[in-house]
Amino acid sequence: MKVNEYMQAVENDLVHTYNRFPVTLERGDGVYIYDTDGKKYLDFAAGIAVSGLGYGNQELNTALKEQIDKLMHSSNLYYNTACKEAAKALKRISGMDRVFFTNSGTEAIEGALKAARKYAWKKKTERFEYIAMKDSFHGRSMGALSVTEHEAYRKPFEPLIPGIGFAKFNDLDSVKELVTDKTCAIILEPLQGEGGINMATREFMEGIRKICDEARILMICDEIQCGMARTGTFLACQSYGVKPDIVVMAKAIGSGIPVGAFAMTENVAEYSLEPGDHGTTYGGNPLACTAVAKTVEIFEKEDMESHVKEIGEYLAGKLDELVEDCDLVLERRGTGLIQGLRLDRPVGEIIKKALEKGLLIISARSDVIRLVPPLVIEKEHVDEMIDILRSVLKGIL
């Protein structure tokens, strides 16, 4: 069957809810992915910041295969050893005290929002409102969508959860204006991914922590995309020296196995969720938890934080050269291995041209090229990406 016929057959079996690129991927190796025709692509998308270890990591694969032979599912009616090890690993890297496993980042956001509400309820307050950020993205379920400021996502599903105020990112005064005696939590991404690769300033992160402490409300950090060493520290908030009350994680914590988690301090856990308040059939299953524990182990053993800082600095320098060389590139944004290039036009056509030349990149908003490669890339892969991207940009002019 020819590839276009194969893709049409796939489409016939799917509900068309995604804007997919016209390529069918089949396998991966290192930082490269191959399609059904055998064409090779340099991956600077990593499954939207998921595949931190790239593809075919034998240590991870062996651990998963061994776990498949032992136990894949038992439900949360029972303890399992893999869940224990995964929880210990996430506690170690996050600095949190308690962990709840989910199947995705969106589910973890839901759990974090519920935990904040329950905390306020157990503290015998009437707090139920949240402050979120403009240009935020936290997921597409009803709760996560309610704290996501993107009209195109929200409009068809309104009315959403009431009591949400949106502050201007990096503007403490706009946050303070929204705080009331009904605010239970402030939720933000330390580095906004979908919103355009927008970094929080140190003043903003420290200011949010101070506001929460003074108003006795919770600080929730969404580390789903910017966490797991992508900025050069295991959690992006750690680079600011700020400790939130609740942390939300997903994507790269499982290296491609679907898994999410929200973690909290002991104080929040003591006055928060109890048995029956929240649950999931598959969350914390042995296979997903094996992926988490082994991923963290590899990250620590390979000192992924230092590697990302080194390669991220090199990538930033090469992208800055593109800003200087290409008039249509206005600025570079980001840090570590979550970087963006803002252009003077929509980037859709550029992403398609890059795909044709064997480079996988994605967008953040309409005018930003988002670069979130596997964290295991080396300088040679940065050079290869820059050569392809430069040729695409020059060809557009």
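Heads up: the structure comes first, above all this text.
Residues numbered from 1 in each chain as written. Predicted model: local features only at pLDDT ≥ 70, side-chain atom pairs only at ≥ 80, totals over all residues. Heavy atoms only, no water.

Colleague: Please clarify how the sheet that holds strand 2 (residues 32-35) should be interpreted in this entry.
Modeller: Adjacent strands of a sheet form backbone hydrogen bonds with each other and so pair up, either parallel or antiparallel. Strand order in the open sheet formed by four strands is 1-2-3-15, and the pairing between neighbours is mixed. Whereas interior strands pair on both sides, the edge strands pair on one side only; in this sheet they are strand 1 (25-29) and strand 15 (359-360). (Pairing = 2+ DSSP bridges. Helix = DSSP H or I, 4+ residues; strand = E, 2+ residues; numbered from the N terminus.)

Colleague: What is the right way to read the pairing of strand 2 from this model?
Modeller: Within a regular strand, the side chains alternate between the two sheet faces. Alternating residues of strand 2 divide into Tyr-32 and Tyr-34 and Ile-33 and Asp-35, and every residue in both groups is buried. Bridge count for strand 1 against strand 2 is four bridges, and the pairing is antiparallel. Within strand 2, the residue paired with Leu-25 across the bridge is Asp-35. From the end of strand 1 to the start of strand 2, which pair antiparallel, there are two residues, and Gly-30 there has a positive phi angle of about 70°. One ladder, built from three bridges, connects strand 2 with strand 3 (residues 40-43); its direction is antiparallel. Bridged to Tyr-32 within strand 3 is Leu-42. (Buried < 20%, exposed > 50% of the residue type's maximum accessible area, 1.4 Å probe, protein only.)

Colleague: Any chance you could explain the pattern of salt bridges here in plain terms?
Modeller: Across all of its chains, the model carries 22 salt bridges by this definition. With a closest N to O distance of 3.9 Å, Glu-206 and Arg-202 form a salt bridge. With Glu-206 and Arg-202 both in helix 9 (residues 202-215) and four residues apart, this pair spans about one turn of that helix. Accessibility expressed as a relative area gives 41% for Glu-206, which makes it partly exposed. Since its relative accessible area comes to 43%, Arg-202 is described here as partly exposed. Linking Asp-325 and Arg-390 is a salt bridge whose minimum nitrogen-to-oxygen distance equals 3.2 Å. Taken together, the residues span a long stretch of sequence, with Asp-325 in helix 12 (residues 304-325) and Arg-390 in helix 14 (residues 379-396) at a distance of 65 residues. Each member of the salt-bridge network shares a partner with another, and the members are Glu-59, Lys-294, Glu-297 and Lys-301. (Salt bridge = Lys/Arg side-chain N within 4 Å of Asp/Glu carboxyl O.)

Colleague: Just to check I follow, could you spell out the layout of surface pockets for this structure?
Modeller: The probe, sized like a water molecule, is rolled over the atoms to show the empty space still left. One number sums up the size of the second largest pocket: a volume of about 1000 Å³. Together, 29 residues line the second largest pocket, and Asn-76, Tyr-79, Val-99, Phe-100 and Phe-101 are the ones closest to its centre. If you list the elements that add at least two residues to the lining of the second largest pocket, you get helix 4 (81-94), strand 4 (98-102), strand 12 (260-264) and helix 10 (266-270). A total of five residues in the lining of the second largest pocket trace back to one element, the largest contributor, which is helix 4. (1 Å grid on protein atoms, 1.4 Å probe; cavity = no way out; pocket = protein on both sides within 12 Å on 5 of 7 lines; lining within 4 Å. Points joined across faces, edges and corners; volume = space filled by probe spheres on them.)

Colleague: Sorry, what's going on with the side chain of Gln-192 here?
Modeller: In this structure, Gln-192 sits in strand 8 (residues 191-192). Under the relative-accessibility criterion, Gln-192 is labelled buried at 1%. Among residues more than four places away in sequence, those in contact with Gln-192 are Met-133, Lys-134, Asp-135, Ser-136, Phe-169, Ile-197 and Asn-198. (Contact = heavy atoms within 4.5 Å.)

Colleague: Even after reading the chapter, I still don't get helix 4, so can you show me in this structure?
Modeller: Think of an α-helix as turning once every 3.6 residues; residues three or four places apart then point the same way. For helix 4, built from 14 residues, the straight-helix expectation of 20 Å at 1.5 Å per residue is met to within 8% by its first-to-last C-alpha distance of 20 Å. For helix 4, the secondary structure elements touched by its buried residues are helix 3 (58-70), strand 4, strand 11 (246-249), strand 12 and helix 11 (286-301). One side-chain oxygen at the N-terminal end of helix 4 lies 3.2 Å from the backbone nitrogen of Ala-82; it belongs to Asn-80. Directly after helix 4, the chain includes Gly-95, whose backbone phi takes a positive value near 80°. (Expected span 1.5 Å × (residues − 1). Polar contact = N/O pair within 3.5 Å; in protein donor to acceptor, adjacent residues only side chain to side chain.)

Colleague: Would you explain the sheet that holds strand 7 (residues 183-188) in this entry?
Modeller: Spatially, seven strands are ordered 4-12-11-10-7-5-6 in an open sheet, and the strand pairing comes out mixed. What marks the edges here is a single partner per strand, and that holds for strand 4 and strand 6 (164-167). The mean angle between the axes of side-by-side strands here comes to 20°, regardless of whether they run parallel or antiparallel. One ladder, built from four bridges, connects strand 7 with strand 10 (residues 218-222); its direction is parallel. What sits directly across from Ile-186, in strand 10, is Met-219. The sheet strands contacting helix 5 (residues 105-122) are strand 4, strand 5 (129-133), strand 7, strand 10, strand 11 and strand 12, and the helix crosses strand 11 at an angle near 165°. (Axes fitted to C-alpha atoms, helices over the stretch in contact; angles between N-to-C directions.)

Colleague: Explanation requested: unusual backbone geometry in the structure shown.
Modeller: In terms of backbone geometry, most residues other than glycine have negative phi values and most peptide bonds are trans. In this structure, Pro-159 follows Glu-158 across a cis peptide bond, with omega equal to 5°. As for its position among the elements, Pro-159 is in the loop between helix 7 (151-154) and strand 6. Of note in the backbone geometry, Ala-49 takes a positive phi value of approximately 65° without being a glycine. Considering the arrangement of structural elements, one finds Ala-49 in helix 2 (residues 46-49). What makes Ala-49 buried here is its relative accessible area of 1%. Although it is not a glycine, Ser-75 adopts a positive phi angle of roughly 75°. You can see Ser-75 is positioned in the loop between helix 3 and helix 4.

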